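Observations on the three-dimensional arrangement
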Amino acid sequence: MSNTASNKNKNVTLDEKLILTPEEGVAGSFISTAVDDTGLLKKIAFTNDDSFNFGFDVVDVLAQKCPDKVAMIHISREGKERRFTFRDMYYYSNKTANYLMYLGIKKGDRVMVVVKRHYQFWFIMVALHKIGAIAVPASYLLTRKDFEYRFRVGHINGILATSDGDVAEEISKAAKNYDGLKCKILVGGGTRKGWSHYNKDIQFFSSHFKRTEDTACGDDPMLMFFTSGTTSYPKMAMHNYKYPLGHYITAKYWHQVDKNGVHFAISDTGWGKAVWGKLYGQWLCEATVFTYDYDEFFGKEILGLLEKYKITTFCAPPTVYRILVHMDLSKFDLSNLKNVTTAGEALNPAIYKRFYDYTGLKIMEGFGQTETTLTIANLKGQEPRPGSMGRPSPMYDIRILRSDDTEADTGETGEVCINIMNGIPNGLFMGYYLDEEKTKSIWHDGYYHTGDTAYMDEDGYMWYVGRVDDIIKSAGYRVGPFEIENEIMKLPYVLETAVTSIPDLIRGQAIKASIVLADGVEATDALKKEIMKYLKANLASYKRPKIVEFVTELPKTSSGKVRRVEIKEKDWNSDDAKP
């Protein structure tokens, strides 16, 4: 594995004199690091990772080391508070493992987990890791059609689903056209014909579950995520048992969790961001995670929880910060917050500044994908630059490549790629499940191609431009949407925006800005003219949107990412766009 971040004119070589030392606590058996005088992480190395199994080597070890330490504070949607210790996690994960095996689940089976933010998610995930079954988290917002697709391409063997809403009904409909399920398990209250009932059944099973010589570990497949599907049908990114180790940097050096503090990450368990912020790295650091099982997001409630539970570290997507900065933050005591982070989409500098002005906290941005762990970030000891993703993680050898795979110059936009010629870092996925063609299309010539574009400045900071497919080619210029969106987001009455291309007879492509206004702001022609005047004064002529359209909401994936492709397809396929 290489630990060098570079582009053509920038080669930051790490000091080889830095000595790697084992990390504290449970992580020290597998992870060694070296930091400089400022505390900035410079190197990371792994030992014994070929035998690593998160369930046995972290959860069970902590149950012995600190059985009464709180692993998770859980708040139900009704407001009921539960506190689970590491002893509880050991106890219930073992009972769950025995239960699932009784229902026919075995090593190598693919088990879909659709349980929202219910506390049972943590028992189930650890149990699947212990069994060696492949966990497949999925969103509770999926419909019958979505489940049919996922059952088919994922060869799903079993499913656990929330009893809330119509989720189980949609699954039952999908299962009529699929005969591969060994079991359907309802999690929560109520009963349903043809389903087992987790809450009722789990009490009858043993709390002892032993590791064997055949226990899954290391390079065995552990986890599969469906990608967000911003540009195509979701793909299944498969990770091995070393993946949790890759999230140690996520928790300790980006989130900066405190083993005596409480970490709160806003994310649904159907997506990879949940295990980024609610499970692996946090427990490797022996920290407490906080979970709120809400149905609908309300900024006031989130701020109230930050205050009441004295949250010390907080992570949320940019959308959440956009909402919070439009609230009166002075009404809440956020003095316990020590570090805040964001990922999922690029963060607009205007939002960074507003949040900093209100709280004095610098939002530490990070970048990664379903296929990776934290890849680029503003880590502990590093001064963030508003709008920058940060610098490459020492775990990844990041290159900015042109379309011909040559390295871009400083300041030149190219594709963010990971060099894998010297080995595959823990955290990088194994490939797309049963899809060799798609895997080869992004994993070739010694690099993993992320599909995201950025440029690196003279100090090694990386600046996001957009997805490769989002780049607008207008009158011979290549324009990234994020720069234009940043300028629009400086306007105080703008809540969200998405910049896309539209057909243009002269330029080939022109630029359109879809804008969601803040509550109480009226969408008028006068306001549209004001925005156009502002952009004329602050953007080069080739970057200015030709059209500004007010919308009530932007199309998004169920993980919250803006689907610019949906806006673009609608505009390019409209009657007005046809010759």
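Just so we're clear, the structure is a prediction, and the values are computed from it rather than from any experiment. One numbering rule holds for all chains: residues counted from 1, following each sequence as written. Selection of residues for local features in this predicted model requires a pLDDT of at least 70, selection of side-chain atom pairs for listing and counting requires 80 or more, and totals for whole chains, interfaces and linings are taken over all residues. Water and hydrogen atoms play no part in the side-chain values, which are based on all heavy atoms of the structure.

**Re the overall build of the protein**
From N to C terminus, the protein includes 16 helices and 32 strands. Throughout, the radius of gyration refers to the C-alpha atoms, and the reference size of a globule is 2.2 Å times the residue count to the power 0.38. Its C-alpha atoms give the protein a radius of gyration of 24 Å, within 12% of the compact-globule value 25 Å for 579 residues. Considered along the principal axes of its C-alpha atoms, the protein spans approximately 70 × 60 × 55 Å. Looking at the protein as a whole, 60% of its 579 residues qualify as buried. Under the scheme used here, helices are H or I runs from DSSP no shorter than 4 residues and strands are E runs no shorter than 2 residues, and both carry numbers assigned from the N terminus. Throughout, exposure labels follow a simple rule: accessible area from a 1.4 Å probe, protein chains only, divided by the maximum for the residue type, with under 20% read as buried, over 50% as exposed, and the rest as partly exposed.

**A short note on the sheet that holds strand β32 (residues 547–550)**
Pairing between two strands requires that DSSP report at least two bridges joining them. Pairing is mixed in the open sheet, where three strands are placed in the order β30-β31-β32. The sheet terminates laterally at β30 (494–504) and β32, the two strands that pair on one side only. Mean inter-strand twist for the sheet, computed between neighbouring axes without regard to direction, equals 25°. Any two residues having at least one pair of non-hydrogen atoms within 4.5 Å are treated as being in contact. Angular values range over 0 to 180 degrees, each being the angle between N-to-C directions of two axes fitted as lines to C-alpha atoms, with helices fitted over their stretch in contact. Sheet contacts for helix α15 (residues 525–538): β31 (508–517) and β32; angle to β32, the most-contacted strand, approximately 140°.

**Looking at the sheet that holds strand β3 (residues 21–22)**
Strand order in the open sheet formed by three strands is β3-β4-β5, with antiparallel pairing between adjacent strands. Because the sheet does not close on itself, it has two edges, and the strands there are β3 and β5 (41–46). With two bridges connecting them, β3 and strand β4 (residues 31–35) associate as antiparallel partners. In the strand pairing of β4, P22 is matched with S32.

**Notes on the packing of helix α2 (residues 86–102) against helix α3 (residues 120–131)**
With their axes 8 Å apart at the nearest point, α2 and α3 run at an angle of 60° to one another. Where α2 crosses over α3, the two elements pack in a sense that is right-handed. Residues M89, Y90, Y92, S93, N94, T96, A97, L100 and M101 of α2 touch α3, and the partners they reach there are W122, F123, I124, V126, A127, L128, K130 and I131. Each residue is assigned to one class: nonpolar for Ala, Val, Leu, Ile, Met, Phe, Trp, Tyr, Cys and Pro, charged for Asp, Glu, Lys and Arg, and polar for all the others, Gly among them. Residues belonging to the contact of α2 with α3 are distributed by class as follows: 13 nonpolar, three polar and one charged. In this scheme, a crossing is called left-handed if the near helix is turned counterclockwise away from the far one by less than a right angle; it is called right-handed if the turn is clockwise.

**Examining the packing of aromatic side chains**
Note on aromatic pairs: the rings of Phe, Tyr and Trp (six-membered ring only in Trp) are paired at centre separations within 6.5 Å, and the planes decide the class, stacked below 30 degrees, edge-to-face beyond 60, tilted for the rest. Here the structure, examined in full by the defined rule, presents 31 aromatic pairs. A centroid spacing of 6.1 Å and a plane angle of 70° characterise the contact between F314 and Y321, whose relative ring orientation is edge-to-face. Put simply, the rings of F264, F290, Y309, F314, Y321 and F355 touch in pairs and so form one group of aromatic residues. Here, a charge over a ring means that NZ of Lys or CZ of Arg falls within 6 Å of the ring centre while also lying within 35 degrees of the ring normal. Taking the ring centre of Y294 as reference, the NZ or CZ of R117 above it sits at 4.1 Å. Across the ring face of F56, the terminal group of K130 is positioned such that the distance to the ring centre comes to 5.6 Å.

**Details of helix α1 (residues 54–65)**
Three or four residues apart is the spacing at which side chains of an α-helix point the same way, because the helix has 3.6 residues per turn. By this rule, a helix spans an expected 1.5 Å times one less than how many residues it contains. The terminal C-alpha atoms of α1, which comprises 12 residues, lie 15 Å apart, in line with the 16 Å expected from a rise of 1.5 Å per residue. Of all 12 residues that make up α1, nine are buried, and the element is covered over most of its length. The complete set of buried residues in α1 reads F54, G55, F56, D57, V58, V59, D60, L62 and A63.

**Some details on the packing of helix α4 (residues 144–154) against helix α5 (residues 167–175)**
For any two helices packed against each other, the geometry comes down to the angle between their axes and how far apart the axes lie. One way to put it is that α4 packs onto α5 with a least axis distance of 8 Å and a crossing angle of 55°. As far as their axial angle goes, α5 and α4 are oblique. You can see that α4 and α5 cross each other, and the crossing is right-handed. On α5, the residues that touch R144, F147, E148 and F151 of α4 are V167, E170, I171, K173, A174 and A175. Split by residue class, the contact of α4 with α5 holds six nonpolar, no polar and four charged. Throughout this description, any angle smaller than 35 degrees is read as roughly parallel, any larger than 145 degrees as roughly antiparallel, any in the 65 to 115 degree range as roughly perpendicular, and the remainder as oblique.

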